[in-house]
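# Observations on the three-dimensional arrangement
Given next are the chains, with one letter for each unit.
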Amino acid sequence: MWGSGMPEFDCETAPILERLQDEIIDFEHYIAPTKGEKHARRWILEEIREIMEGISVVPFGSFKTGLALPDSDIDMNVRLDTDVNIKKFFQGLRRELVARQVCEQDDMITYRTARVPFLRIHVPDLQVSADVTLNGCLDSSFQTSRWLRSFPKAKPLFLVIKHALISVDEGDDGNSNIRVMSSGHGGLASYVLLALIVHYLIIFDADNFMLSQLLYGFLEYYSTFDFESQMITVGIENTIPKTRNMQRQTMHVYEQFDPDNNIARAMRHVYKAKESFAFILERLDDAWGDWEAGFRGGILDAIVVNNHSDAGTRGELYDYNYEPLVRTTNDYFDHESSSYYSDEYTDEYTDDDTDDDTDGYGYENTYVYRYDESSSDDSYYW
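The sections below set out a description of the structure shown in this document. Because the structure is predicted, anything quoted here is derived from the model rather than measured.

## Describing the pattern of salt bridges
Scanning all chains against the criterion turns up seven salt bridges. With a shortest N-O distance of 2.4 Å, Glu50 and Arg100 are connected by a salt bridge. Here Arg100 lies in the loop between helix H4 (86-99) and strand S3 (108-111) and Glu50 lies in helix H2 (residues 35-51), a separation of 50 residues in the sequence. Classification of Glu50 by relative accessible area gives partly exposed; the value is 48%. Overall, the relative accessible area of 33% leaves Arg100 in the partly exposed class. Across the pair Lys274 and Glu228 runs a salt bridge whose closest N-O atoms are separated by 3.3 Å.

## Some remarks on the packing of helix H7 (residues 190-203) against helix H8 (residues 211-223)
Working note: a packed helix pair is described by the angle between its axes plus the distance between those axes. Closest axis-to-axis distance for the H7/H8 pair is 11 Å, and the angle between their directions is 110°. The angle between H7 and H8 places the two elements in the roughly perpendicular class. In this structure, H7 uses Leu193, Leu196, Ile197, His199, Tyr200, Leu201 and Ile203 to contact H8, whose residues at the interface are Leu214, Gly217, Phe218, Tyr221 and Tyr222. Looking at the contact of H7 with H8 residue by residue, the classes come out as ten nonpolar, two polar and no charged.

## With respect to the pairing of strand S4 (residues 118-123)
Each regular strand displays side chains that alternate between the two surfaces of the sheet. Of all six residues in S4, five are buried; the element is thus mostly enclosed. Where S3 lies against S4, four bridges are found, and the strand directions are antiparallel. Among the inter-strand pairings, Tyr111 is bridged to a residue of S4, identified as Phe118. Connecting S3 to the antiparallel partner S4 that follows it, the hairpin turn spans six residues. Here S4 pairs with strand S5 (residues 128-134) via six bridges, running antiparallel. Residue pairing in the sheet places Phe118 in a bridge with Thr133 of S5. Where S4 hands over to S5, the hairpin turn is made up of four residues, of which Gln127 adopts a positive phi near 55°.

## Focus: the packing of aromatic side chains
Tallied over the entire structure, the rule returns 18 aromatic pairs. Geometrically, the ring pair formed by Tyr200 and Phe218 is edge-to-face, given 6.2 Å between the ring centres and 85° between the ring planes. Residue Tyr200 is found in helix H7, and its partner Phe218 is found in helix H8; the two are separated by 18 residues along the sequence. Taking the relative accessible area as the measure of exposure, Phe218 reaches 2% and is therefore buried. Taking the centre distance of 5.6 Å and the plane angle of 50° together, the rings of Tyr221 and Phe225 count as tilted. Judged by its relative accessible area of 18%, Tyr221 falls in the buried class.

## Re unusual backbone geometry
Positive phi values are uncommon outside glycine, yet Gln127 reaches one of about 55°. Within the secondary structure, Gln127 sits in the loop between S4 and S5. Looking at Gln127, the relative accessible area reads 28%, which means it is partly exposed. The backbone of Asp205 sits at a positive phi, close to 55°, despite the residue not being glycine. Positionally, Asp205 belongs in the loop between H7 and H8. The class for Asp205 is partly exposed, based on a relative accessible area of 39%.

Procedures and definitions
Residues numbered from 1 in each chain as written. Predicted model: local features only at pLDDT ≥ 70, side-chain atom pairs only at ≥ 80, totals over all residues. Heavy atoms only, no water. Salt bridge = Lys/Arg side-chain N within 4 Å of Asp/Glu carboxyl O. Helix = DSSP H or I, 4+ residues; strand = E, 2+ residues; numbered from the N terminus. Buried < 20%, exposed > 50% of the residue type's maximum accessible area, 1.4 Å probe, protein only. Axes fitted to C-alpha atoms, helices over the stretch in contact; angles between N-to-C directions. Parallel < 35°, antiparallel > 145°, perpendicular 65-115°, else oblique. Contact = heavy atoms within 4.5 Å. Nonpolar A, V, L, I, M, F, W, Y, C, P; charged D, E, K, R; others polar. Pairing = 2+ DSSP bridges. Phe/Tyr/Trp six-rings, centres within 6.5 Å; stacked < 30°, edge-to-face > 60°.

Have a look at this one:
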């Protein structure tokens, strides 16, 4: 086992760090969108564009930034310059999709009162989903692209860490109402995870370290970070104490250009994130120990279980399964009280963010609208 902190590169650690580095790079290629996944997402994008002929329909999120995992949906934004009746807009879009036999009404859900209204579409034949927003702000998508250009090591780290967190959530399924990699279930939005990675890369000068060292360092840093009393501003090393009116178990992460917007506000059980980071680090450390003992299996397999056929290919879209990482205990930290750190999550969230939108639409306390057959107005919607 390595122990604690970022592993130093020396004659003893070099073989393990170099092996893990290669595995991280290989995983980035392995998990990259296949031709089938690209085709399915582009197909639904073109269907929406044909329906909205003459109107701007812009893809964003993981499809655009390259951070998509196999089951990721495609996010697209419809930009209308004039006022529009939101209810009629989405009703009209739903009817057109049914008329074109893209999907059925039961395959769609409208989130009309979300901070940015959107329609979630599932296309059963292609096993792909799409979120269509109306007049949304794409700032976070643009910021994601800027971060990835400035910090190329962020992408492979993001893909590995997010995949591992989803596997931890799968292992916890049924034992907790909180999913660390789901802003809709009291956890992290993908954009927040990327912000945490970028923050770490900035304050620890990533250019001087290997991906394998940075993976260890990230997990160590955030599994012990005092989220309960401190706030993070991306890129600024010095943290700021929370004010008295801030909840201890809500994560606070800010960007320098938007200091009043807590992008991590959905993460209301920070101990759960810290536990998950610690658990992933523990598994990685056990694999390190196995290597020192002479076992020469994959190190990254300890946290990212390969999901492929005998031919070496992986499942596509919803056929891709995340192998659960099951922990035997949740006692990674001394919880102050069972009620204060309860797994019971009662807020009315409606979105599961495991499908990797990197922007988030503000799903908190949202009402879900399914199709109402009584609203059959045939007027033009856009």
